[in-house]
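Notes for the structure review
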Amino acid sequence: MRIELRVCQHCLDGDDGHGGHEKAALLQDMVACAETIKAHKDVLELDSVHIRRVRDDEQGKPEALPVVAATIQNNQIVLNDTQLVAEGQDGNMLLYANPDDILTVLAGNVDEISKAVHEDVTVDLSQRGAEIISNAGLGADREQ
């Protein structure tokens, strides 16, 4: 199985006109989770984890998984600059374009890692990211 997270580098940096500080914090949460997953990919039996930071001049081209999400804005096709693509063992691709869904999937993987390793793999999330995950009901419970 392979996963690829794509985020807008300008949004990640919190540049003006690219979603503001709350969006930047949420993207930073996603990248932090993806980096934790990448560091422990063997625990989840992942073949590869790619984190792609897209710039304006690159138009969201994939790094490894050939799937791109698009929306229509002002009668024009616009490629989504934030998306998570997962390829299963059967070759099926799952595409997540909603930021809440992306963070929930990534945090769920971090949660699975935390159940399998003895080290602390906790990711410090922004307030908004923590709210999203809290509402999703994630959280490793080592007692179960």
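Here the structure is a predicted model, which means the values were calculated and not measured.

Moving on, we get to unusual backbone geometry. Residues apart from glycine generally show negative phi values, whereas peptide bonds are mostly found in trans. One non-glycine residue with positive phi stands out, namely Glu45, at about 60 degrees. Structurally, Glu45 can be placed in the loop between α2 (20-39) and β2 (48-54). Assessed through its relative accessible area of 59%, Glu45 is described here as exposed. For Asn74, which is not glycine, the phi torsion reads 50 degrees and is therefore positive. With respect to the secondary-structure elements, Asn74 resides in the loop between β3 (70-73) and β4 (76-79). Judged by its relative accessible area of 76%, Asn74 falls in the exposed class.

On to the packing of α2 against helix α3 (residues 99-116). Following both chains from N to C, one finds α2 and α3 inclined at 30 degrees, their axes separated by 9 Å at the closest point. Between α2 and α3, the interaxial angle falls into the category roughly parallel. Between α2 and α3 lies a crossing of left-handed hand. Across the interface between the two elements, Leu26, Asp29, Met30, Cys33, Ala34, Thr36 and Ile37 of α2 pack against Pro99, Ile102, Leu103, Leu106, Ala107, Asn109, Val110 and Ile113 of α3. Across the contact of α2 with α3, the residue classes tally to 12 nonpolar, two polar and one charged.

Our focus in this paragraph is the pattern of salt bridges. If you walk through the whole model with that rule in mind, you get nine salt bridges. Ionic pairing is found between Arg2 and Glu87, a salt bridge with its closest N-O pair at 2.6 Å. Of this pair, Arg2 sits in strand β1 (residues 2-8) while Glu87 is found in strand β5 (residues 83-87), placing the two residues 85 residues apart along the sequence. For Glu22, the salt bridge identified is with Arg128, shortest N-O distance 4.0 Å. Placement of Glu22 in helix α2 and of Arg128 in helix α4 (residues 127-136) is noted, with a sequence separation of 106 residues between them. Because the salt bridges share partners, they merge into one network encompassing Glu22, Asp100, Arg128 and Glu131.

Structurally, Leu94 is set in strand β6 (residues 93-96). Relative accessible area serves as the criterion here: at 47%, Leu94 is assigned to the partly exposed category. Excluding residues within four positions of it along the chain, Leu94 makes contact with Leu84, Val85 and Ala86.

What follows is about the confidence of the model for the chain. Chain-level statistics for the chain give a pLDDT mean of 86 and a share of 89% at 70 or above. Element-level pLDDT for the chain is lowest in β4, with a mean of 83, against a maximum mean of 94 in α3. In this model residues 140-144 is a low-confidence stretch, pLDDT under 50, and it forms six contacts with partners more than four residues away in sequence or in other chains.

Moving on: the pairing of β3. In this sheet, β4 lies alongside β3 in antiparallel orientation, the contact comprising four bridges. Each bridged residue has a counterpart across the sheet, and for Ile72 the counterpart in β4 is Ile77. Between β3 and the antiparallel strand that follows it, β4, lie two residues; Asn74 among them carries a positive phi value of about 50 degrees.

Looking now at α4. Two residues of an α-helix separated by three or four positions point the same way, owing to the 3.6 residues in each turn. Those residues of α4 that fall on the buried side of the exposure criterion are Gly129, Ile132 and Ile133. Around the axis of α4, the buried residues are gathered within 90 degrees of arc, so they sit on the same side. Within α4, the exposed residues directed more than 90 degrees away from the buried face are Gln127, Ser134 and Asn135. Lining the buried residues of α4 we find α2 and α3. Of the residues trailing α4, Gly137 is marked for its positive phi of about 75 degrees.

What counts and what doesn't
- Residues numbered from 1 in each chain as written.
- Predicted model: local features only at pLDDT ≥ 70, side-chain atom pairs only at ≥ 80, totals over all residues.
- Heavy atoms only, no water.
- Helix = DSSP H or I, 4+ residues; strand = E, 2+ residues; numbered from the N terminus.
- Buried < 20%, exposed > 50% of the residue type's maximum accessible area, 1.4 Å probe, protein only.
- Axes fitted to C-alpha atoms, helices over the stretch in contact; angles between N-to-C directions.
- Parallel < 35°, antiparallel > 145°, perpendicular 65-115°, else oblique.
- Left-handed = near helix turned anticlockwise from the far one by under 90°.
- Contact = heavy atoms within 4.5 Å.
- Nonpolar A, V, L, I, M, F, W, Y, C, P; charged D, E, K, R; others polar.
- Salt bridge = Lys/Arg side-chain N within 4 Å of Asp/Glu carboxyl O.
- pLDDT = per-residue confidence, 0-100.
- Pairing = 2+ DSSP bridges.
- Arc of directions from axis to C-beta.

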